[in-house]
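# Per-entry structural report
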Amino acid sequence: MADLKRIPGVEPKIARTRGNLWRLAAARAFWPFAVLVSLFLIFALTGVIDAASEKLASLSLIIFVAGLVILGVLGWARFAPPDRQQAVRALDRQSDLRPLATLSDRPARPEADGVALWRAHETRLTDAARRLSIPSFSNEWKAADPFYLRYVIPVFVALAILFAWDATGGRL
């Protein structure tokens, strides 16, 4: 059984892949929360809440806080952090050899001929593991965010800050 930690460069690839999977899982779980916070920021920065009546502004704040709590709890319930095995499987999908999973195996019969054959196979798998690259997960991001809201909403928040620059401090 080969130890993946002894193969140079594989552990950082697993860690970075796991980080990418973590960000994807967090975006899937918390996107409604982020949209609500961003919309409230845009309304607050542009003065929509200030222009509303006191009752409407109070009602919007109550709805925002209730929605924040509900969406936060739902996000935590949906969020499942990826484990190391998910990262290994994502890396292994790049190669038909599945080098990382196969290197975790061991020969069934440790006979002399079998061990020599296994060592040759292990060398080939180690080379294949070194050649693996970090997956981009672009198809998963497109499925999770088909309208590119992860880019659009921060732009709108930045525009709201830019347009309301003089009054931003007082409104926050």
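A brief structural summary. (Residues numbered from 1 in each chain as written. Predicted model: local features only at pLDDT ≥ 70, side-chain atom pairs only at ≥ 80, totals over all residues. Heavy atoms only, no water.)

### Digging into the layout of surface pockets
Taken as a whole, the largest pocket encloses approximately 340 Å³ of empty space. In terms of lining residues, the largest pocket is bounded by 17 residues, among which A27, W31, D145, L149 and R150 are the most central. Elements that contribute at least two residues to the lining of the largest pocket include exactly α1 (10–46), α7 (138–144) and α8 (149–163). Top contributing element to the lining of the largest pocket by residue count: α1, with eight residues. (1 Å grid on protein atoms, 1.4 Å probe; cavity = no way out; pocket = protein on both sides within 12 Å on 5 of 7 lines; lining within 4 Å. Points joined across faces, edges and corners; volume = space filled by probe spheres on them. Helix = DSSP H or I, 4+ residues; strand = E, 2+ residues; numbered from the N terminus.)

### Side note on the pattern of salt bridges
For the structure on display, the rule yields four salt bridges. Across the pair R130 and D127 runs a salt bridge, and its minimum N-O distance is 3.0 Å. One end of the pair, R130, and the other, D127, are both in helix α6 (residues 112–131), three residues apart, so they sit about a helical turn from each other. According to the relative accessible area criterion, R130 is partly exposed, its value standing at 41%. For D127, a relative accessible area of 33% puts it in the partly exposed group. The residue D145 makes a salt bridge to R150 at a minimum N-O spacing of 3.0 Å. Residue classification places D145 among the buried positions, given a relative accessible area of 10%. A residue is classified by how much of its surface remains accessible, and R150, at 29% relative accessible area, is partly exposed. (Salt bridge = Lys/Arg side-chain N within 4 Å of Asp/Glu carboxyl O. Buried < 20%, exposed > 50% of the residue type's maximum accessible area, 1.4 Å probe, protein only.)

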